[in-house]
Amino acid sequence: MRKLFFELMQVSVGQLDCVSRFPEPNEWQKFYELAKKQAVIGICYHGVTKLFDYGLVAPQELSLDWMAEAEEIKEVNRGRTRRLITLQEELQKHHLRSSVMTGPGLTRFYDRELQTLRYTKGIDVYVFGYKNQIDMSPWADINVHILPELRVGKSRQRNNRLDKWVLQNDDLMFRKAGEMVVPSHSATILIQLTNLYNLFLNKRLLMRNLMDLFFVIRFAQGDSRLFQYPQNTLEGVIKDLGLTRFTRGIMWLLKEVFALDPKFMPLEPLEEEGLYLLGQIMGDAFTFHNWWHHLWHYRWHELT
């Protein structure tokens, strides 16, 4: 059933035309629940509608519930994006430069028909030099998290390296995309990898976050220029931040879950790490092997 759910996501993002077999009625319900849990319910509804052309139709009542969820996401997204642009304008009035790291800041990489279907719970906005200069309470409705600095785990040494990279690549952190200010494409790749790492450590990594990175990397189409920075390569920065193994596991997930071609990836996929990360995302049962894996590769890793 898990494989079939991955196929549904591949259909939804344009990587596959149709699933390999007709889902059973109870499987449709499980797809709906999984999509909701993994925060990809709007995107997956697009896949459900594409399957209509192949005679694969979910039970009527479930289809109506799914459609209602998708329409609600569209409505919320329209208002949230406009409010976010207004917030950036307000920050600019206080001479604060801001850049939208997540949520609406990533939809530009999605296919046009999917942009309004991406579910956004909270929005991370990097604000250089922010020290509570403005009252954020009027913006509570869009659930914005102001980040005065970017972090990668809890290691002081690696966070100092990330701080240095941000300062060296200041021009990549603030780029106009329509009316919104966001990081450049090349900076977004690194920022999303650090974001996924932080979410993983906090046990909040979801398929939606993987889907974001999938679109960011697929959009690059393997252009090696996007894996280069003035002082270093993307692979070099990932190594400096201690994220090589984690990133290779994420690359395996992008290949396995979203059928991303490895030739587009900045690093080679690592199946062993990918399988471990997949189990954590999907909430697989506890095993001693996984406990030891996390202790050795992540818990102790964070102490260095």
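Each value, and the rule that gives it
Residues numbered from 1 in each chain as written. Predicted model: local features only at pLDDT ≥ 70, side-chain atom pairs only at ≥ 80, totals over all residues. Heavy atoms only, no water. Helix = DSSP H or I, 4+ residues; strand = E, 2+ residues; numbered from the N terminus. Rg over C-alpha atoms; globule rule 2.2 N^0.38 Å. Buried < 20%, exposed > 50% of the residue type's maximum accessible area, 1.4 Å probe, protein only. Contact = heavy atoms within 4.5 Å. Areas by Shrake-Rupley, 256 points an atom, 1.4 Å probe, with all protein chains shown as cover. Lys, Arg positive; Asp, Glu negative; His and termini not counted. Charge placed at Lys NZ, Arg CZ, Asp CG, Glu CD. Axes fitted to C-alpha atoms, helices over the stretch in contact; angles between N-to-C directions. Parallel < 35°, antiparallel > 145°, perpendicular 65-115°, else oblique. Left-handed = near helix turned anticlockwise from the far one by under 90°. Nonpolar A, V, L, I, M, F, W, Y, C, P; charged D, E, K, R; others polar. Phe/Tyr/Trp six-rings, centres within 6.5 Å; stacked < 30°, edge-to-face > 60°.

Draft legend 1. Region of interest: the overall build of the protein. Of regular secondary structure, the protein possesses 12 helices and five strands. Here the protein has a C-alpha radius of gyration of 20 Å; the compact-globule value for 304 residues is 19 Å, and the two agree. Expressed along its principal axes, the backbone C-alpha trace of the protein runs to roughly 55 × 45 × 35 Å. Each of the 304 residues in the protein was classed as buried or not, and the buried ones make up 53%. The long-range fraction of contacts in the protein, counting pairs at least 24 apart against all pairs at least 6 apart in sequence, stands at 70%. Per element, the accessible surface of the protein, about 14,800 Å² overall, is 52% carbon and sulfur. The distance from the centre of the 38 positive side-chain charges to the centre of the 36 negative ones in the protein is 6 Å.

Draft legend 2. Local environment of the packing of helix α2 (residues 25-37) against helix α3 (residues 41-51). Where α2 meets α3, the closest approach of the two axes is 8 Å, and the angle between their N-to-C directions is 150°. Judged by the inter-axis angle, α2 sits roughly antiparallel to α3. For the element pair α2 and α3, the recorded crossing hand is right-handed. In contact with W28, Y32, A35 and K36 of α2, α3 contributes I41, C44, V48 and L51. Across the contact of α2 with α3, the residue classes break down as seven nonpolar, no polar and one charged.

Draft legend 3. Up close: the side chain of N77. Mapped onto the secondary structure, N77 falls in helix α4 (residues 60-93). We classify N77 as buried; its relative accessible area is 11%. Filtering out sequence-adjacent residues up to four positions away, N77 remains in contact with Q115, T116, L117, R118 and T120.

Draft legend 4. Spotlight on the environment of R245. Mapped onto the secondary structure, R245 falls in helix α10 (residues 244-258). Take R245: its relative accessible area is 27%, and that puts it in the partly exposed class. Residues in contact with R245, not counting those within four places in the same chain, are L270, E272, E273, H293 and H297.

Draft legend 5. The packing of helix α8 (residues 207-220) against α10, seen in detail. Between α8 and α10, the shortest axis-to-axis distance is 10 Å and the interhelical angle comes to 90°. One way to sum up the angle between α8 and α10 is to call them roughly perpendicular. Residues M207, L210, M211, L213, F214 and I217 of α8 pack against I250, M251, L253, L254, V257 and F258 of α10. Grouping the constituent residues of the contact of α8 with α10 by class yields 12 nonpolar, no polar and no charged.

Draft legend 6. Fine view of the packing of aromatic side chains. Evaluation of the coordinates by the stated rule reveals 19 aromatic pairs. Ring geometry for Y126 versus F174: centroids 5.9 Å apart, planes at 25°, classification stacked. Of this pair, Y126 sits in strand β2 (residues 123-127) while F174 sits in the loop between α6 (170-173) and β4 (175-177); the two residues are 48 residues apart in sequence, bridging distant segments of the chain. Like Y126, the residue F174 is buried in the burial classification. An aromatic cluster is defined as three or more aromatic residues linked by ring pairs; in this entry it consists of Y197, F200, F246, Y276 and Y298.

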